Amino acid sequence: LTKELNVWVQMKKDQYMDMGKWSECAVDECPIKLEGAPAYWGFDMSAKIDLTSVALVIPYQSKDETDDLGKPVVKYWCFTHSFIPNEISLKNHIATDHVPYDVWVREGWLTVTDTDIVSQAAVMKYVIDYTNEHKLSLQAFCFDPANASKLEMDLNMMYGGSVRVEEVYQSAKS
């Protein structure tokens, strides 16, 4: 309903996502050594004044858990960061979304790019800096093609085919 009809719904019993179980997955710090870890970045680029977000997913094998066949369980460490164009958009989103985005900025989860629309250059710099700082092994960049044409071209130019660039639609198409 939310995606197709812009109707926000609240979690009810027996719905798809159990938020209690989701909260149990939270960790205070990354449970694995990041250096050399296989990294998959996802991008959701905004059109104008909305949030742009990136997500980093790193698969790893659990050292203490095995499946029914005795093989290590594959787990995923996920990290996200978001961007908003400017302080005016920040204040407007706080008022309309009823979300404490100003706290997110202070906590380092949201970057204000100080531009009319979210700067794709700022988003790319963040991803490249994070990747280099943690010495990640880039495997793929994945993105919803909506609002991401320049991003796709830039990624292909920067990495020249050495890192996969994949379209991932936010619909049944994927």
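To be clear, the structure that these remarks concern was listed above.
Computed from a predicted structure; not experimentally measured. (Residues numbered from 1 in each chain as written. Predicted model: local features only at pLDDT ≥ 70, side-chain atom pairs only at ≥ 80, totals over all residues. Heavy atoms only, no water.)

On to the overall build of the protein chain. Assigned secondary structure in the protein chain consists of six helices and six strands. The helix and strand sequence of the protein chain, counted from the amino end, reads α-α-β-β-β-α-α-β-α-β-α-β. Residue burial in the protein chain is summarised as follows: out of 174 residues, 30% are buried. Look at the contacts in the protein chain between residues 6 or more apart in sequence, and 61% of them connect residues 24 or more apart. With the model as given, the accessible surface of the protein chain reaches about 12,000 Å², and the carbon-plus-sulfur share is 54%. (Helix = DSSP H or I, 4+ residues; strand = E, 2+ residues; numbered from the N terminus. Buried < 20%, exposed > 50% of the residue type's maximum accessible area, 1.4 Å probe, protein only. Contact = heavy atoms within 4.5 Å. Areas by Shrake-Rupley, 256 points an atom, 1.4 Å probe, with all protein chains shown as cover.)

Together, Met17, Met19 and Trp22 line one region of the surface with nonpolar side chains, adding up to about 320 Å² of accessible area. Here Met19 is to be found in helix 2 (residues 19–24). (Patch = residues over 30% accessible without salt bridge, like charges linked within 9 Å, V, L, I, M, F, W, Y side chains within 5 Å. Salt bridge = Lys/Arg side-chain N within 4 Å of Asp/Glu carboxyl O.)

Reading across from one edge, 4-3-2-1-5-6 is the order of the six strands in this open sheet, with mixed pairing throughout. In this open sheet, the two edge strands, each paired with only one partner strand, are strand 4 (110–112) and strand 6 (164–167). This sheet shows a mean twist of 25 degrees between the axes of neighbouring strands, independent of strand direction. Inspection of the sheet shows strand 2 (residues 52–66) paired to strand 3 (residues 72–84) by eleven bridges, in the antiparallel sense. Within strand 3, the position partnered with Thr66 by the bridge is Pro72. Here helix 6 (residues 149–159) sits on the sheet in contact with strand 1 (38–44), strand 5 (137–143) and strand 6, set at roughly 160 degrees to strand 5. (Pairing = 2+ DSSP bridges. Axes fitted to C-alpha atoms, helices over the stretch in contact; angles between N-to-C directions.)

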